[in-house]
Amino acid sequence: MASIHFKKSRSGQKIYYVVVSLKGRHKWIKAGSQKDAKILKKHIESLAESERFEKLGFTARDIRIDDFFQDYLNHVRLHTSPNTLKRYKSVLNTFLVFLNMFHPTVRYLSQIKIEHIESYQQKRLESVELKSTADGEKNGVHVNKKLPKPQTVNYEIGVLRSAFLWAKNREIIPDVPTRKVKKLKPASVRKVQVLTQEQCKRFLKTAKGMAKEDPGLKVFYRAFQFILNTGLRSGELCNLTWEDVDLEAGLIMIQAKPGWTPKSYERSFFLNQTCMKLLSKIKDRENYIFKTISGQQLDSDSLRKVLIKIATASGFENLTRVHDLRHTFNSLMQMNGVDPATMGKILGHKDIETTMIYTHQTSEHLKRSIEKINIW
């Protein structure tokens with residue numbers, strides 16, 4: 001910020017100054033007349049903050065990039081869920097690997113420029129070596145080291161932007177290097193596979209038949225049936241414990257527990273009769289509700305693998321994501337008259353816009369809806 005002040009000389013003449021305040025420090029710049037001071041003040045305020053640092057002789061407090069990222073992650077740890085912290089940590093580590101591979105002389109935060117961010121975008125889309133090095137021996141990474149999509153890189157730039165904004169707000173850097181970086185054009189999004197009610201029955205019938213031949217699939221049959229009747233995310237289902245369910249009241253609670261936090265917020269809602277009947281058949285009521293035949297907690301990767309197996313056997317080759325069952329639940333509920341606001345509370349959406357994105361009405365339903373009104 002800049003302001004105009006004056007001092008009187010020994011002869012009583014007013015001498016005007018422009019006082020610039022930056023990072024808690026003040027610098028008096030002699031302007032002369034009041035008119036000159038106004039012109040100078042206007043010029044200074046038109047400068048970007050980074051230019052003010054340079055022109056006024058202020059030096060920004062510098063810090064090593066790896067040390068800064070660690071400080072930022074400590075901040076994230078206090079304000080977000082463990083899953084978010086894990087994602088942020090992965091992104092910042094990938095950026096450090098990128099700098100080490102392609103810009104080894106960039107070690108301090110003040111050295112990062114817009115060209116480094118744009119270079120990161122390009123290398124993330126093209127460099128198998130960068131992905132392989134950054135991923136290391138991470139579980140679940142494809143053997144062929146499939147490169148990330150533009151949407152993923154845009155998310156990573158968003159994480160970096162958050163970190164740099166945090167640095168700017170604490171006056172560690174004068175400007176945010178991601179400020180003028182343009183988003184990458186998203187790749188074509190895979191079409192969501194939403195099942196009709198009849199298709200859901202076919203899918204579950206196939207799952208039940210496969211579970212009779214292979215007892216290890218029984219828990220997956222129950223899990224998919226539960227998701228189709230509750231709209232739970234795969235992580236919510238896998239972390240569901242018996243303490244989260246009130247069988248007497250027919251109530252389910254999606255709540256945080258050690259090592260896991262819901263993606264959006266904690267919530268509770270009532271279960272339908274299908275879910276209550278399903279839960280009543282489970283004899284082992286210790287800890288997690290959905291466990292493998294060996295007693296281990298179900299995980300999202302296994303859910304997806306078995307989903308694809310059952311979907312293929314059911315004739316639904318495009319059903320490859322467990323999340324599509326959540327889409328199906330939402331769509332079927334809304335097509336049966338449940339309002340979006342109620343659905344948002346059940347699904348754990350923060351705003352109704354998200355709930356509407358999840359709405360996928362079948363052509364048959366749309367046709368029946370328009371036929372309800374015939375004005376002659």
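Everything quoted here is computed from the prediction, not taken from an experiment.

Rules used throughout
- Residues numbered from 1 in each chain as written.
- Predicted model: local features only at pLDDT ≥ 70, side-chain atom pairs only at ≥ 80, totals over all residues.
- Heavy atoms only, no water.
- Helix = DSSP H or I, 4+ residues; strand = E, 2+ residues; numbered from the N terminus.
- Expected span 1.5 Å × (residues − 1).
- Buried < 20%, exposed > 50% of the residue type's maximum accessible area, 1.4 Å probe, protein only.
- Pairing = 2+ DSSP bridges.
- Contact = heavy atoms within 4.5 Å.
- pLDDT = per-residue confidence, 0-100.
- Core = buried A, V, L, I, M, F, W, Y, C linked by side-chain atoms within 4.5 Å.
- Salt bridge = Lys/Arg side-chain N within 4 Å of Asp/Glu carboxyl O.
- Axes fitted to C-alpha atoms, helices over the stretch in contact; angles between N-to-C directions.
- Parallel < 35°, antiparallel > 145°, perpendicular 65-115°, else oblique.
- Nonpolar A, V, L, I, M, F, W, Y, C, P; charged D, E, K, R; others polar.

**With respect to helix α13 (residues 323-335)**
At step 1: The end-to-end C-alpha distance of α13, which contains 13 residues, comes to 19 Å, matching closely the 18 Å that a straight helix rising 1.5 Å per residue would cover.
At step 2: Of all 13 residues in α13, 11 are buried, a share of seventy percent or more.
At step 3: Those residues of α13 lying buried are Asp324, Leu325, Arg326, His327, Thr328, Phe329, Asn330, Ser331, Leu332, Gln334 and Met335.
At step 4: Directly after α13, the chain includes glycine 337, whose backbone phi takes a positive value near 100°.

**Points about the sheet that holds strand β4 (residues 245-246)**
At step 1: Reading across the sheet, the three strands line up as β4-β5-β6 and stay open at both edges, with antiparallel pairing between neighbours. Each edge of the sheet is formed by a strand with only one pairing partner; in this case those strands are β4 and β6 (267-270).
At step 2: Pairing geometry for β4 and strand β5 (residues 251-254), over two bridges, is antiparallel. When the bridges of β5 are listed, valine 245 appears paired with isoleucine 252.

**A few points about helix α7 (residues 150-169)**
At step 1: Relative to the 28 Å expected for 20 residues at 1.5 Å per residue, α7 spans 28 Å between its end C-alpha atoms, a close match to the ideal helical length.
At step 2: Every buried residue of α7 is accounted for by Pro150, Val153, Asn154, Glu156, Ile157, Val159, Leu160, Ala163, Phe164, Trp166 and Ala167.
At step 3: Its buried side turned inward, α7 meets α3 (65-79), α4 (82-102) and α5 (114-126).

**A short note on the pairing of β5**
At step 1: Here β5 shows one buried face, formed by Ile252 and Ile254, and one open face, formed by Leu251 and Met253.
At step 2: Here β4 hands over to β5 after four residues, with glycine 250 in that stretch at a positive phi of 70°.
At step 3: Bridge analysis of β5 against β6 gives four bridges, and the strand direction is antiparallel. Along β6, the bridge assignment pairs isoleucine 252 with phenylalanine 269.

**Re the confidence of the model for the protein**
At step 1: Residue-level pLDDT values for the protein average 84, and 84% of them are 70 or greater.
At step 2: Counted against residues more than four places away or in other chains, residues 139-144, with its pLDDT under 50, gives one contact.
At step 3: Contacts from residues 369-376, a stretch scored under 50 in pLDDT, to residues over four places away or in other chains number zero contacts.

**Re the nonpolar core**
At step 1: By size, the foremost hydrophobic cluster in this structure holds 50 residues, and its most contacted members are Phe203, Phe224, Phe226 and Phe290.
At step 2: Elements with a minimum of two residues in this core: α8 (197-213), α9 (218-230), α10 (234-238), β5, α11 (273-280), α12 (300-314), α13 and α14 (340-347).
At step 3: The element contributing the most residues to this core is α9, with eight residues.
At step 4: Counting 35 residues, the second-largest nonpolar core is a separate cluster that includes Tyr88, Ile117, Ala163 and Val176.

**Some remarks on the pattern of salt bridges**
At step 1: For the coordinates displayed, the defined rule picks out 10 salt bridges.
At step 2: The residue lysine 257 makes a salt bridge to aspartate 244 at a minimum N-O spacing of 3.0 Å. One end of the pair, lysine 257, is in the loop between β5 and β6; the other, aspartate 244, is in the loop between α10 and β4, and 13 residues separate them in sequence.
At step 3: Ionic pairing is found between aspartate 284 and lysine 291, a salt bridge with its closest N-O pair at 2.7 Å.
At step 4: Taken together, the salt bridges that share partners define one network made up of Arg233, Glu236 and Arg267.

**A closer look at the packing of α4 against α5**
In a packed pair of helices, the relevant descriptors are the angle between the two axes and the axis-to-axis distance.
At step 1: It is the contact of α4 with α5, at a shortest axis distance of 11 Å, that shows an interaxial angle of 100°. On the basis of their axis angle, the class for α4 and α5 is roughly perpendicular. Within the contact between the two elements, α4 uses Val91, Thr94, Phe95, Phe98 and Phe102 and α5 uses His116, Ile117, Ser119, Tyr120, Lys123 and Arg124.
At step 2: For the contact of α4 with α5, the per-class residue count stands at six nonpolar, three polar and two charged.

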